[in-house]
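Observations on the three-dimensional arrangement
Residue-level listing of the chains:
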Amino acid sequence: MLPLRRLLFAAVLLPGVGWSATVSISCGAVGLELTICREGAEAWARETGNRVAVVSTPNSTTDRLALYQQLLAAQSPDIDIFQIDVIWPGILHRHFLDLSPYVEVHRLQAQFEVVVENNRVDGRLLALPWFVDAGLLYYRADLLQRYGRPVPQSWTELGETARIIQVRERAAGRPRVWGFVWQGRAYEGLTCNALEWIHSHNGGTIVADDGRITINNPRAAEALALAASWVGEITPIGVLNYDEEQARGVFQSGQAVFMRNWPYAWPLVNGEDSPVQGKVGIAPLPRGGAEGRHTGTLGGWSLAVSRYSRVPAEATDLVKYLTSRQEQKRRALIGGYNPTYRDLYESEAIESANPLTGELVAILEQAVARPSRITGVRYNQVSNAFWTAVHTTLSGKRDSASSLARLERRLQRLNGDGW
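We now turn to the structure provided with this report. Predicted model only: the values in this text are computed from it and were never measured. Once a new chain begins, its residue numbering starts again from 1 and follows that chain's sequence as written. Owing to the predicted nature of the model, reporting of local features is limited to residues with pLDDT of at least 70; listing and counting of side-chain atom pairs is limited to 80 or more, with chain, interface and lining totals taken over all residues. Excluded from the side-chain calculation are hydrogens and water; included are all heavy atoms of the structure.

Within the protein, the regular secondary structure consists of 19 helices and twelve strands. Over its C-alpha atoms, taken along the principal directions, the protein stretches across nearly 70 × 55 × 40 Å. When burial is assessed residue by residue, the protein has 57% of its 419 residues classed as buried. Within the protein, contacts between residues separated by at least 24 positions form 75% of all contacts whose residues are at least 6 apart in sequence. Looking at the protein as shown, the accessible area adds up to about 17,200 Å², and 48% of this sits on carbon and sulfur atoms. Charge centroids of the protein, computed over 43 positive and 42 negative side chains, lie 6 Å from each other. Strands are runs of DSSP state E lasting at least 2 residues, helices are runs of H or I lasting at least 4, and numbering of each runs from the N terminus. Burial status follows relative accessibility: with a 1.4 Å probe on protein chains alone, a residue under 20% of its type maximum counts as buried, one over 50% as exposed, and anything between as partly exposed. Throughout, a contact is declared for two residues whenever any of their heavy atoms are within 4.5 Å. The method behind every accessible area is Shrake-Rupley, applied with a 1.4 Å probe, and residues are considered shielded solely by the protein chains displayed. Positive charges come from Lys and Arg alone, negative charges from Asp and Glu alone, with His and the N- and C-terminal ends not counted. To locate a charge, take NZ of a lysine, CZ of an arginine, CG of an aspartate or CD of a glutamate.

Attention now moves to the packing of aromatic side chains. The pairing test for Phe, Tyr and Trp rings, Trp by its six-membered ring, is centres within 6.5 Å, and the orientation test on the planes gives stacked under 30 degrees, edge-to-face over 60, and tilted for anything in between. Counted under the stated rule, the structure contains 15 aromatic pairs. Both rings, one in Phe180 and one in Trp182, keep their centres 6.5 Å apart while their planes meet at 45°; by these two values the pair is tilted. Accessibility assignment for this pair places Phe180 and Trp182 in one class, buried. Members of the aromatic cluster, each reached through a chain of ring pairs, are Tyr68, Phe82, Trp88, Phe96 and Trp301. For a ring to carry a charge above it, either NZ of a lysine or CZ of an arginine must fall within 6 Å of the ring centroid while also lying within 35 degrees of the normal to the ring plane. The ring of Trp262 is capped by Arg260, whose NZ or CZ atom sits 4.4 Å from the centre of that ring. Here the guanidinium or amino end of Arg331 rests over the ring plane of Trp130, the centre of that ring lying 3.9 Å away.

Further remarks concern helix H11 (residues 244-252). Regarding H11, the residues found buried are Glu244, Ala247, Arg248, Val250, Phe251 and Gln252. Check the buried side of H11 and you find it contacts strand S8 (136-140), strand S9 (178-181), helix H9 (188-200), strand S10 (256-261), helix H12 (265-269) and strand S11 (280-283). N or O atoms closer than or at 3.5 Å make up a polar contact, with two conditions inside protein: a donor-capable atom paired with an acceptor-capable one, and, for residues adjacent in sequence, both atoms drawn from side chains. N-cap assignment for H11: the residue whose side-chain oxygen lies 3.1 Å from the backbone N of Glu245 is Asp243. Count one or two residues on from H11 and you reach Gly254, which has phi positive near 90°.

This next bit is on a nonpolar patch on the surface. Exposure above 30% relative accessible area and the absence of a salt bridge qualify a residue for a patch, where like charges join within 9 Å and nonpolar side chains (Val, Leu, Ile, Met, Phe, Trp, Tyr) within 5 Å. What makes a salt bridge here is a side-chain nitrogen of Lys or Arg within 4 Å of a carboxyl oxygen of Asp or Glu, nothing more. Judged by side-chain polarity, Leu32, Leu333 and Ile334 come together as a nonpolar surface patch covering roughly 250 Å² of accessible area. Inspection of the secondary structure puts Leu333 in helix H14 (residues 325-335).

This part covers the pattern of salt bridges. Applying the stated criterion to the full structure yields 13 salt bridges. Between Glu39 and Arg330 there is a salt bridge, and its shortest N-O distance comes to 3.0 Å. Here Glu39, found in helix H2 (residues 33-48), pairs with Arg330, found in helix H14; they are 291 residues apart in sequence, far enough to count as distant. Note on Arg330: relative accessible area 21%, which makes it partly exposed.

This next bit is on the state of the cysteines. Any pair of cysteine sulfurs within 2.5 Å is marked as a disulfide. All told, the structure shown has one disulfide when counted by the stated rule. Paired through a disulfide, Cys27 and Cys37 show a sulfur-sulfur distance of 1.8 Å. One end of the pair, Cys27, is in strand S2 (residues 22-27); the other, Cys37, is in helix H2, and ten residues separate them in sequence. Accessibility assignment for this pair places Cys27 and Cys37 in one class, buried.

All right, on to the side chain of Thr375 then. Position of Thr375 among the secondary structure elements: in helix H17 (residues 372-375). Leaving out residues up to four positions away in the same chain, Thr375 has contacts with Val207, Val382 and Trp419.

Axes here mean lines fitted to C-alpha atoms, for a helix over just the part in contact, with angles spanning 0 to 180 degrees between N-to-C directions. In the contact formed by helix H10 (residues 218-230) and helix H19 (residues 400-415), the axes pass within 8 Å of each other and the chain directions differ by 125°. One way to sum up the angle between H10 and H19 is to call them oblique. Crossing of H10 over H19 shows right-handed handedness. Side by side, H10 and H19 meet where Ala220, Ala221, Leu224 and Ala225 of the first sit next to Ser400, Ala401 and Leu404 of the second. Following the grouping adopted for this structure description, the nonpolar residues are Ala, Val, Leu, Ile, Met, Phe, Trp, Tyr, Cys and Pro, the charged ones are Asp, Glu, Lys and Arg, and the polar ones are all others, Gly among them. Grouping the amino acids of the contact of H10 with H19 by side-chain chemistry returns six nonpolar, one polar and no charged. Angle categories: roughly parallel below 35 degrees, roughly antiparallel above 145, roughly perpendicular from 65 to 115, and oblique for all the rest. By definition, turning the near helix anticlockwise from the far helix through less than a right angle yields a left-handed crossing, and turning it clockwise yields a right-handed one.

Written out as structure tokens, the structure reads:
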């Protein structure tokens, strides 16, 4: 964990003109993230005559959450605005202001509903969406064309196509080619992957919005059994230790036909040094059969105002500025961050800067949220129990039905008298 003293030394004070208040905001520092955040905050400071202290926080989401929990539990006023992950509103909701009275309804209606609603807990709007992600399918367009195969619409079709191309590519002298890579390590990334498999089969979302534990059902078991059948067949056994970057490494080196990953991988697989540059397409993740649905786990970040802020009015104003349509457009053009406003995906400028945006609307509109709002502070335990059960099935230690029955009992113990 980053000590508070070191955290505050990392703050950069941005001048306003005749400033009247200083607002501190935590920003991530992955890639251009910190620079773009600082630029937006500085523009607000110039317009309003206030000052902003931009605070760089740990890149690890686990470390960042731990730091946030330390600060908020102490009711520290040192950070006014928190950049929060999509799964944190339910965990941290007691510490944030309700922004509903300060945001116009039409502004919220212009954004993806699933993103806005993910930030509500008990009717309170705890944060405003800043940028959004969802899981999607990457595919080798050149290989599909070479072997006359369409983009798969179901997981069964994906399995068939992956096997056909894998066999033919290996017969052609490329023995290391695999059909499909994804994130199979026992961590939050596996929760995202497995939720997509299960939700696409209409198997629910682990815990329903009303708090019922729904994971132990035949469709969920079918989805996990199907995924387990891939391991060692179209998916390397090593996938059980893959995170996002390891999956990308295999796919980007030309050793996989399909990959599940987040939008961040698009500019990387198409970079000048990428062996698959110009050979990759994206699509919604497959359906779980004819009656299933295309779905991708919701990801992204929002901005929340601390209840312990000494300048809540100014902090709220800065949040509204940074999450505005204009600022989100700037961030999309400069950094490739996916906006939460639907109409920005029709912008020729944004589409020219990032061709991926045209494909994302349908994917984002069908995204599924993890059950973090309803499970609240117990979400991390719920997710850990879920990914452990899934990993046990994928590794062949227990069949899917038995794993889900055991998981149900564990979640019931966690639930106790209610989430």
